[in-house]
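Now for the letters of each chain:
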Amino acid sequence: MSAGPTTSSMILYGVTTFLDNKMLANNERIGQVKNPNTVFSCIHPCEVSLSRYIVGLMKNFRASSDILVMMLIYIERLLERLNFEYMAQKGTDPILFTSFNAHKITLTAFLLAFIY
């Protein structure tokens, strides 16, 4: 009898798939909106896939899967906050989670979730 996937691996798969899909969908919108530069923006997109990046963080920090859930919450809150502040300064387009900022935002949210 083979063992099925663990809860931890299912959470990892779910979170990485969700963030990858969100990033890819927003990458397609880059031409339609002017994605403003933030402290998380890069000049070139990262060559490492976001899924692989998150798996590396989990492995190197020896983090549990509950960190991923908190990380996801922090990412959503951070993007919401950035958009709110940008719109308050008369910004017109939303700040998108793209391949130009996803890795830095993910690292920031991961470290916050890991520490707190």
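Residues numbered from 1 in each chain as written. Predicted model: local features only at pLDDT ≥ 70, side-chain atom pairs only at ≥ 80, totals over all residues. Heavy atoms only, no water.

Asker: Help me out: how do you make sense of the overall build of the protein chain in this one?
Answerer: Each helix and strand in the protein chain was counted, giving four helices and zero strands. The secondary structure elements of the protein chain, listed N-terminal to C-terminal, are α-α-α-α. Along the longest, intermediate and shortest principal axes, the C-alpha atoms of the protein chain span 60 × 30 × 20 Å. Relative to its 116 residues, the protein chain shows a buried fraction of 33%. Taking as baseline every contact in the protein chain between residues at least 6 positions apart, the subset at least 24 positions apart corresponds to 85%. Here the protein chain has roughly 7600 Å² of accessible surface; of this, 60% comes from carbon and sulfur atoms. Of the side-chain charges in the protein chain, 10 are positive and 8 negative, and the distance between the mean point of each set is 5 Å. (Helix = DSSP H or I, 4+ residues; strand = E, 2+ residues; numbered from the N terminus. Buried < 20%, exposed > 50% of the residue type's maximum accessible area, 1.4 Å probe, protein only. Contact = heavy atoms within 4.5 Å. Areas by Shrake-Rupley, 256 points an atom, 1.4 Å probe, with all protein chains shown as cover. Lys, Arg positive; Asp, Glu negative; His and termini not counted. Charge placed at Lys NZ, Arg CZ, Asp CG, Glu CD.)

Asker: Explanation requested: the nonpolar core in the structure shown.
Answerer: One broad rule of soluble globular proteins: the nonpolar side chains tend to lie buried together. Counting residues in hydrophobic clusters, the biggest one holds 22 residues, and the most contacted among them are Leu19, Leu50, Ile54, Met71, Ile75, Phe97 and Phe110. For this core, the secondary-structure elements that each account for two or more residues are α1 (7–29), α2 (50–61), α3 (66–88) and α4 (102–115). For this core, the element with the most residues is α3, which contributes six residues. Those residues within four positions of Phe97 in sequence are excluded, and the remaining contacts are Leu19, Lys22, Met23, Asn26, Leu50, Ile75, Leu79, Ala102, Ile105 and Thr106. (Core = buried A, V, L, I, M, F, W, Y, C linked by side-chain atoms within 4.5 Å.)

Asker: Quick question: what am I supposed to make of the environment of Asn60 here?
Answerer: Following the sequence through the fold, Asn60 ends up in helix α2. On the basis of relative accessibility, which here comes to 62%, the residue Asn60 falls in the exposed class. For the pair Asn60 and Lys90, spaced 30 residues apart in sequence, the C-alpha to C-alpha distance is 41 Å.

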